[in-house]
Amino acid sequence: MPAFPPLILGMMRLEDYPELAGAGPLARWIGEQLDKGLNTFDHADIYGGGSAESAFGAALAYAPSLKEQIRIITKTDIVHATDDTVKHYRAEPGYVAQAIDNALARLNIDQIDTFLIHRPDPLMDAEGVANVLEEAVQAGKISQIGVSNFLPEQWRWLQANTDLPLACNQSELSLTANAPLSDGVLEAHLTDRLQWLAWSPLGGGSLAKGRIASALKKLGAETGLSPTALAIAWLRQIPGNPIPVLGSMKPTRIDDALTGAEVGMSRTDWFTLLEAARGNPVP
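In this text, all values refer to a predicted model and were calculated from it rather than measured experimentally.

Definitions and limits used
- Residues numbered from 1 in each chain as written.
- Predicted model: local features only at pLDDT ≥ 70, side-chain atom pairs only at ≥ 80, totals over all residues.
- Heavy atoms only, no water.
- Salt bridge = Lys/Arg side-chain N within 4 Å of Asp/Glu carboxyl O.
- Helix = DSSP H or I, 4+ residues; strand = E, 2+ residues; numbered from the N terminus.
- Contact = heavy atoms within 4.5 Å.
- Polar contact = N/O pair within 3.5 Å; in protein donor to acceptor, adjacent residues only side chain to side chain.
- 1 Å grid on protein atoms, 1.4 Å probe; cavity = no way out; pocket = protein on both sides within 12 Å on 5 of 7 lines; lining within 4 Å.
- Points joined across faces, edges and corners; volume = space filled by probe spheres on them.
- Nonpolar A, V, L, I, M, F, W, Y, C, P; charged D, E, K, R; others polar.
- Buried < 20%, exposed > 50% of the residue type's maximum accessible area, 1.4 Å probe, protein only.
- Phe/Tyr/Trp six-rings, centres within 6.5 Å; stacked < 30°, edge-to-face > 60°.
- Axes fitted to C-alpha atoms, helices over the stretch in contact; angles between N-to-C directions.
- Parallel < 35°, antiparallel > 145°, perpendicular 65-115°, else oblique.
- Pairing = 2+ DSSP bridges.

(A) Structural detail: the pattern of salt bridges. All told, the structure shown has 10 salt bridges when counted by the stated rule. The shortest N-O distance in the salt bridge between Arg156 and Asp192 comes to 2.7 Å. Taken together, the residues Arg156 in helix α5 (residues 152–159) and Asp192 in the loop between α6 (185–191) and β9 (195–199) connect sequence positions 36 residues apart. Connected through salt bridges with shared partners, the residues Glu153, Arg156 and Asp192 form a single ionic network.

Right under this line is the structure:
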């Protein structure tokens, strides 16, 4: 499979952008991202209760030529709470099989590039789920599989039940969510050859306050880079080159993030930002 691009565009907040409502505006936005070399879009069946996938599928129906140029990541197994039940997970063979078919229909595509189990389910039927994923790959419904928010032994248990390689793990990583750099989780990704797809790479707004904001401002004055670009550049220096899954769909934020994904950062600047994020010098 081709490598992921240096930046993946997350569709979780699609409904927050009224300017992209409707098939035409969204299709044009997708085309603009393709012009920048960004061809991978991250979905999940719970984003907008399925409406994000449906809106994206309508855009592809409006501009069918886009289908041959894009890659789709999507996920399943989270079930939100309702009046009748608590939030729970359903990594069950039948549920996963239906989720794949539902995603294909909503997205109006013939194949999902990368299909992920969204959260580790302590009740997961690993063998049964692996069989469903294998059948979907054989049928051409999905191209490759991965996981999301899994810890090493959790993804290794699924991997032990299938000959299909896990392509990636999508989990949180940023300047302010940096614990995986010290607890062995990073090295587990590298050892098992899982590409890290980093959600919330800008720390959910936490980079705009405190010491880290001051450090980014100072480094920005020296480099001419925005805080967004610096935060993404910092992330991309980590071994394995984690790929940010950007939640923003604003053109300026995407452009800044893409700049950051393509520039280097010195080791001393990298540790300066880590120290500011943690509030303490490295040991």
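(B) Representation of the environment of Trp155. With respect to the helices and strands, the residue Trp155 is situated in helix α5. In this structure, the C-alpha to C-alpha distance between Trp155 and Cys168, residues 13 residues apart in sequence, is 9.8 Å. Leaving out residues up to four positions away in the same chain, Trp155 has contacts with Val147, Phe150, Leu166, Asn169, Val185, Ala188, His189, Asp192 and Leu194. Side chain to side chain, Trp155 and Asp192 meet in a polar contact 2.8 Å long.

(C) Just the layout of surface pockets, in detail. Counted as a void, the largest pocket has a volume near 710 Å³. Considering the residues around the largest pocket, the lining is formed by 35 residues, among which Arg13, Ser200, Pro201, Gly204 and Gly247 are closest to the centre. Elements supplying a minimum of two residues to the lining of the largest pocket: α7 (210–223), α8 (227–236) and β10 (243–246). Its residues placed into classes, the lining of the largest pocket shows 16 nonpolar, 12 polar and seven charged.

(D) Structural detail: the side chain of Ser171. Considering the arrangement of structural elements, one finds Ser171 in strand β8 (residues 166–172). The buried category is assigned to Ser171, whose relative accessible area is 9%. Setting aside its immediate chain neighbours within four residues, Ser171 contacts Asn149, His189, Trp196, Leu197, Ala198 and Trp199.

(E) Summary view of unusual backbone geometry. One non-glycine residue, Asn108, adopts positive backbone phi at about 60 degrees. Mapping Asn108 onto the fold places it in the loop between α3 (93–107) and β6 (112–117). Looking at Asn108, the relative accessible area reads 28%, which means it is partly exposed. A positive phi angle, close to 50 degrees, is found at Asn241, a residue other than glycine. Looking at the element boundaries, Asn241 is found in the loop between α8 and β10. For Asn241, a relative accessible area of 40% corresponds to the partly exposed category.

(F) Highlighting the packing of aromatic side chains. One pass over the full model with this rule turns up four aromatic pairs. Ring centres of Trp270 and Phe271 lie 4.9 Å apart, and the angle between their planes is 75 degrees; on these two criteria the pair is classed as edge-to-face. Given a relative accessible area of 14%, Trp270 falls into the buried group. Here the aromatic cluster, defined as three or more aromatic residues joined through ring pairs, consists of Trp29, Phe41 and Phe56.

(G) Molecular detail of the packing of helix α1 (residues 23–35) against helix α2 (residues 51–62). The N-to-C vectors of α1 and α2 enclose an angle of 80 degrees; their axes lie 8 Å apart at closest approach. Considering the angle they form, α1 stands roughly perpendicular to α2. Of the residues in α2, those touching α1 at Ala23, Gly24, Leu26, Ala27, Arg28 and Ile30 are Ala55, Phe56, Ala58, Ala59 and Tyr62. The residue makeup of the contact of α1 with α2, split by class, is nine nonpolar, one polar and one charged.

(H) Broad picture of the sheet that holds β8. Read around the closed barrel, eight strands run β1-β2-β3-β6-β7-β8-β9-β10, paired in parallel fashion. Direction aside, the axes of adjacent strands within the sheet are offset by 30 degrees on average. Where β8 lies against β9, five bridges are found, and the strand directions are parallel. Across the sheet, the residue bridging to Cys168 is Gln195, located in β9. Packed onto the sheet, α5 meets β6, β7 (142–148) and β8 and runs at close to 155 degrees relative to β8.

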